Structures are given as structure tokens and as C-alpha cells.
Amino acid sequence: MSIRALSEAITDLPYALSEQVLSYARSLDVAAPEIFKDAGVQFSREVADTLVFVAGLRKLLSIVDSNYWVIDNAGAILERQQDQFSVRVGGTDLSRGGDYHYALATIRRELVELLSEHQLLQFAQNVPYVEVVRELASGR
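Residues numbered from 1 in each chain as written. Predicted model: local features only at pLDDT ≥ 70, side-chain atom pairs only at ≥ 80, totals over all residues. Heavy atoms only, no water.

(A) Inspection of the layout of surface pockets at higher detail. Empty space within the largest pocket amounts to approximately 250 Å³. For the largest pocket, the lining is made up of 13 residues, of which L61, S62, D65, A124 and Q125 are closest to its centre. Secondary-structure elements contributing two or more residues to the lining of the largest pocket are α3 (45-82) and α4 (99-117). Residue contributions to the lining of the largest pocket peak at six residues, all from α3. Of the residues assigned to the lining of the largest pocket, the class counts are six nonpolar, three polar and four charged. Here the second largest pocket defines a volume of roughly 190 Å³. Every residue lining the second largest pocket is listed: A9, I10, T11, D12, L13, L57, L60, I107, E110, L111 and L114. Tallying contributions element by element places α4 first for the lining of the second largest pocket, with four residues. Class assignment for the residues of the lining of the second largest pocket results in eight nonpolar, one polar and two charged. (1 Å grid on protein atoms, 1.4 Å probe; cavity = no way out; pocket = protein on both sides within 12 Å on 5 of 7 lines; lining within 4 Å. Points joined across faces, edges and corners; volume = space filled by probe spheres on them. Helix = DSSP H or I, 4+ residues; strand = E, 2+ residues; numbered from the N terminus. Nonpolar A, V, L, I, M, F, W, Y, C, P; charged D, E, K, R; others polar.)

Below, the structure written as C-alpha cells:
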């Protein structure tokens, strides 16, 4: 796993979103030697590549999750307060249960499945990267 693997995993995403994720992953790649040092672990390119992959997917999950919950919670409030069930911005339906909301839910589910498949789900939460490096270096 590496930036290349991350790039391939997110190839179907809109350009702006994939660039945001890849930019974050690249910055973490630059910081990896310092993270290893802080973790007290000898630098390993293989572990660093996995760290970068995890960081990118973690960033993507964070972006998708926040968008999902904004739409879900706003939709729930609108339904309770105004009996409003549909929200459109331009040509996009941002309603709770609408296509965009459904797409975000699907992406969230697929990201969790991808992380689980690669046995990396435990690192998707707010585990400090120093701890992620220690776990990955120890072979889990």
C-alpha cells in the first residue's frame, strides 16, 4: 500500500476531493520519518507506505462522514421543524434519503469495507499516527 495504491483506490472520486486526500497523504509521507522517530520505531518504507494509505483513507472517511452527517442531521431537523422533506441546491437533491445522501452512505460503507478487508479499520478512528506506526511495525 502506498500513495499509488491510495490513488488507485480513489480514482473514481471527483478531482477536487481526490486531490485533497492525496495532498494530505503526501504531507504525511513527508512527515513519516519524524513520526517514526516519535514512535521510537526504525523507519521502514513498507510501514510508511501503509501509514500513508491509512492516512489518506482516514482523511477521505472524515470528509465523507462529515458531509453525510450534515445532510442527515439537517434533513432530520427540517422534517421535525417544518415538515420539509426535500432540499435542492441548483440541480442537486440534498434531501435526507436523496441520491446525494445515499451516495455518501454508500461511500462510507465501501470505505469501511476496504479498511476492514486490509485489516486497517482499527486505525481509521482518531488513533494517533505514532500509535499506528507502532502497531504496523510490530506486525499487529
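(B) Geometry of the pattern of salt bridges. According to the stated counting rule, one finds seven salt bridges in the structure shown. In this structure, E131 engages R134 in a salt bridge whose closest nitrogen and oxygen atoms are separated by 2.5 Å. Here E131 pairs with R134, and both are found in helix α5 (residues 129-137), just three residues apart, close to one helical turn. The exposure class assigned to E131 is partly exposed, which follows from its relative accessible area of 33%. By relative accessible area, which is 34% here, R134 ends up partly exposed. (Salt bridge = Lys/Arg side-chain N within 4 Å of Asp/Glu carboxyl O. Buried < 20%, exposed > 50% of the residue type's maximum accessible area, 1.4 Å probe, protein only.)

(C) Quick peek at the confidence of the model for the protein chain. Per-residue pLDDT for the protein chain has a mean of 86; in total, 94% of the residues score no lower than 70. Of all the helices and strands in the protein chain, strand β1 (residues 88-89) carries the lowest mean pLDDT, 69, while helix α2 (residues 15-39) carries the highest, 94. (pLDDT = per-residue confidence, 0-100.)

(D) Region of the structure containing the packing of aromatic side chains. Considering all chains together, one arrives at two aromatic pairs under this definition. One residue, K59, lies across the ring of Y24, its end atom 5.3 Å from the ring centre. (Phe/Tyr/Trp six-rings, centres within 6.5 Å; stacked < 30°, edge-to-face > 60°. Lys NZ or Arg CZ within 6 Å of the ring centre and 35° of its normal.)

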